[in-house]
Amino acid sequence: DVKVTQSSRYLVKRTGEKVFLECVQDMDHENMFWYRQDPGLGLRLIYFSYDVKMKEKGDIPEGYSVSREKKERFSLILESASTNQTSMYLCASSLDFADGSPLHFGNGTRLTVT
Amino acid sequence: DAKTTQPNSMESNEEEPVHLPCNHSTISGTDYIHWYRQLPSQGPEYVIHGLTSNVNNRMASLAIAEDRKSSTLILHRATLRDAAVYYCILGLGNNAGNMLTFGGGTRLMVKP
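Below or above, wherever it landed, is the structure these notes cover. (Residues numbered from 1 in each chain as written. Chains lettered and ligands numbered in written order. Predicted model: local features only at pLDDT ≥ 70, side-chain atom pairs only at ≥ 80, totals over all residues. Heavy atoms only, no water.)

### Thoughts on the overall build of chain B
Within chain B, the regular secondary structure consists of zero helices and nine strands. Moving toward the C terminus, one meets the helices and strands of chain B in the order β-β-β-β-β-β-β-β-β. Computed over its C-alpha atoms, the radius of gyration of chain B comes to 13 Å, within 12% of the 13 Å expected for a compact globule of 112 residues. Its C-alpha atoms give chain B principal-axis dimensions of roughly 45 × 30 × 25 Å. When the 112 residues of chain B are sorted by exposure, 47% land in the buried category. On chain B, roughly 5,500 Å² of surface is accessible, and the fraction owed to carbon and sulfur atoms is 47%. Taken together, the 9 basic and 10 acidic charged side chains of chain B have centroids lying 3 Å from each other. (Helix = DSSP H or I, 4+ residues; strand = E, 2+ residues; numbered from the N terminus. Rg over C-alpha atoms; globule rule 2.2 N^0.38 Å. Buried < 20%, exposed > 50% of the residue type's maximum accessible area, 1.4 Å probe, protein only. Areas by Shrake-Rupley, 256 points an atom, 1.4 Å probe, with all protein chains shown as cover. Lys, Arg positive; Asp, Glu negative; His and termini not counted. Charge placed at Lys NZ, Arg CZ, Asp CG, Glu CD.)

### Considering the sheet that holds strand E6 (residues 61-64) of chain B
Judged by pairing direction, the sheet is antiparallel, and its four strands sit side by side in the order E2-E7-E6-E5 (chain B) without closing on themselves. The open sheet is flanked by strand E2 (18-23) and strand E5 (55-56) of chain B, the only strands paired with a single partner. (Pairing = 2+ DSSP bridges.)

### Some words on the pattern of salt bridges
Applying the stated rule across the entire model yields ten salt bridges over all chains. We note a salt bridge from lysine 111 of chain B to glutamate 11 of chain B, for which the minimum N-O separation is 3.1 Å. Within this pair, whereas lysine 111 of chain B is found in strand E9 (residues 106-111), its partner glutamate 11 of chain B is found in strand E1 (residues 9-13), the two being separated by 100 residues in sequence. Lysine 111 of chain B sits in the partly exposed class, given a relative accessible area of 38%. Between aspartate 82 of chain B and arginine 37 of chain B there is a salt bridge, and its shortest N-O distance comes to 2.8 Å. Here aspartate 82 of chain B is found in the loop between strand E7 (70-75) and strand E8 (84-91), whereas its partner arginine 37 of chain B is found in strand E3 (residues 32-38), with 45 residues between them in sequence. Under the relative-accessibility criterion, aspartate 82 of chain B is labelled buried at 12%. Overall, arginine 37 of chain B belongs to the buried group, its relative accessible area being 11%. One continuous salt-bridge network, built from bridges that share partners, spans Asp28, Glu30 and Lys71 of chain A. (Salt bridge = Lys/Arg side-chain N within 4 Å of Asp/Glu carboxyl O.)

### A short note on the pairing of strand E4 (residues 45-50) of chain B
Residue and element names in this part refer to chain B. With five bridges connecting them, E3 and E4 associate as antiparallel partners. When the sheet's bridge partners are listed, histidine 34 is paired in E4 with histidine 49. Hairpin connection of E3 to E4: six residues between the antiparallel strands, including serine 41 at a positive phi of 65°.

### A few points about the state of the cysteines
Under the counting rule described, the total for this entry stands at two disulfides over all chains. Here cysteine 23 of chain A pairs with cysteine 91 of chain A through a disulfide, and the sulfurs are 1.9 Å apart. Disulfide cysteine 23 of chain A to cysteine 91 of chain A: torsion about the S-S bond roughly -80°, handedness left-handed. Within this pair, whereas cysteine 23 of chain A is found in strand E3 (residues 19-25), its partner cysteine 91 of chain A is found in strand E9 (residues 87-94), the two being separated by 68 residues in sequence. Covalent S-S linkage joins cysteine 22 of chain B and cysteine 88 of chain B, the inter-sulfur distance amounting to 2.1 Å. Looking down the S-S bond of the cysteine 22 of chain B and cysteine 88 of chain B bridge, the torsion is -80°, so its handedness is left-handed. With cysteine 22 of chain B in strand E2 and cysteine 88 of chain B in strand E8, the pair connects residues that are 66 residues apart, well separated along the chain. (Disulfide = S-S within 2.5 Å.)

Below is the structure:
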């Protein structure tokens, strides 16, 4: 089974701090994704990557950046955390785009910015 | 991006079949139809996906309308463990820019 591991289950940070959310997948998947999930808003795509060092903006990239230096690792960076970035963050991976490969999700990181 | 429309909630009795509908009238020819479900305090879990033909797997069946503008996820015998939010989403075709968008999903409640 594919395993997508997010480094922290819960995280509390202060406003203005730089925050790193880490995600690792163990199945040599090409694509990796970062979503945030908020009540009433569903899951919204922040960024995705379809190859090492490649990234594409999703629906809500403002205030975030990403890094993919190795195929198995995809990091989400909040350069200066703000209270409106308090949310559940979900990482996912998929094999490729060609055949509609399904997404495999981690269990999420609940980030609170105070 | 193509969007989907689902009922906010549905209720079912245990051991009865459940049909979860999804409308996607703006689907493009390369969009796959995916279904995921999310249990409390967990990330979404893949259920099933298809392009044009109906699909079956150990978890569920996916019935896709001939014009592909709607689909139905079928749980053949609902159990209490099937209570979750079910998401119907489009995307991950052969275009890297065709991104997945998750809507609000359908909250399925299963009564014993």
